[in-house]
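Architecture at a glance
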Amino acid sequence: MRRTTTGMALGAAAAAVLLTGCGSDTPNPAADSGGPAASQSPAPAAKGGGATHEVTLEVGGTGRTAVMYSGVDSGFEQQTLPWSKSGTVELTAAEQKVGYLVNVVPGTVTGADGKLQQAPCVIKVDGRKVAESDGVTTTKGCSYTIK
């Protein structure tokens, strides 16, 4: 019984930590008062003084699927395929040293064989392809750290 109780307590604690990061439509009083506030997405234009990169996230295929992305804004939404999102990312001096993560994780689509598979994705930085997933042999989406 002790192990079950401990396991349940750990599970509840983990769920609480994960849910803490969830956003809401409720205004953030800390942000309104000028105090520190957690940001759901980076504000590349507000960083100033760093290296600037043009980033494009792409998901291929046809139909509709869920797409989760971050680095150029962030979101998790149903999208009509093919889909792409572009934006400018300005890195701070610290981000130039440790890196700035951009990623896109597409949902499933029906493959040529009629089976479900992850939609293919591509990340381009300054017009150069830096990450790619075909959705079959690589099924973790696309991720790249800009420095």
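Predicted model, so just to flag it, every value in this text is computed and none were measured.

As enumerated under the stated definition, the model contains three salt bridges in all. For D73, the salt bridge goes to K85, with nearest N and O atoms at 3.5 Å. One salt bridge in this structure joins K129 and E132, with 3.6 Å as the shortest N-O distance. By relative accessible area, which is 46% here, K129 ends up partly exposed.

Soluble globular proteins tend to bury their nonpolar side chains together. Formed by 21 residues in total, the largest nonpolar core has its most connected members in V55, L57, V59, W83, V104 and I123. Looking at this core, the elements with two or more residues in it are strand 1 (52–71), strand 2 (73–90), strand 3 (100–106), strand 6 (121–125) and strand 8 (142–146). Sorting elements by how many residues they give to this core places strand 1 first, with five residues. For W83, the contacting residues outside a window of four places in its chain are L57, E58, V59, V67, Y69 and V104.

This prediction gives the protein chain a mean pLDDT of 76; 67% of its residues lie at or above 70. The model gives residues 1–47 a pLDDT under 50, and that stretch makes 23 contacts with residues more than four places away or in other chains.

Quick look at unusual backbone geometry now. Of the consecutive residues L81 and P82, the connecting peptide bond is found in the cis state with omega at -5 degrees. Non-glycine residue D73 carries a positive phi angle of around 60 degrees. In this fold, D73 is placed in strand 2. The residue D126 is not glycine, and still its phi comes out positive at about 55 degrees. Tracing the chain through its elements places D126 in the loop between strand 6 and strand 7 (128–133).

Let us look at the state of the cysteines. Using the criterion set out here, one finds one disulfide in the structure. At a sulfur-sulfur separation of 2.1 Å, the disulfide partner of C121 is C142. Across the disulfide from C121 to C142, rotation about the S-S bond amounts to roughly 100 degrees, and the bridge is consequently right-handed. On the criterion of sequence distance, the pair formed by C121 in strand 6 and C142 in strand 8 is long-range, its members being 21 residues apart. Residue class for C121 comes out buried when judged on its relative accessible area of 2%.

The rules behind each value
- Residues numbered from 1 in each chain as written.
- Predicted model: local features only at pLDDT ≥ 70, side-chain atom pairs only at ≥ 80, totals over all residues.
- Heavy atoms only, no water.
- Salt bridge = Lys/Arg side-chain N within 4 Å of Asp/Glu carboxyl O.
- Buried < 20%, exposed > 50% of the residue type's maximum accessible area, 1.4 Å probe, protein only.
- Core = buried A, V, L, I, M, F, W, Y, C linked by side-chain atoms within 4.5 Å.
- Helix = DSSP H or I, 4+ residues; strand = E, 2+ residues; numbered from the N terminus.
- Contact = heavy atoms within 4.5 Å.
- pLDDT = per-residue confidence, 0-100.
- Disulfide = S-S within 2.5 Å.

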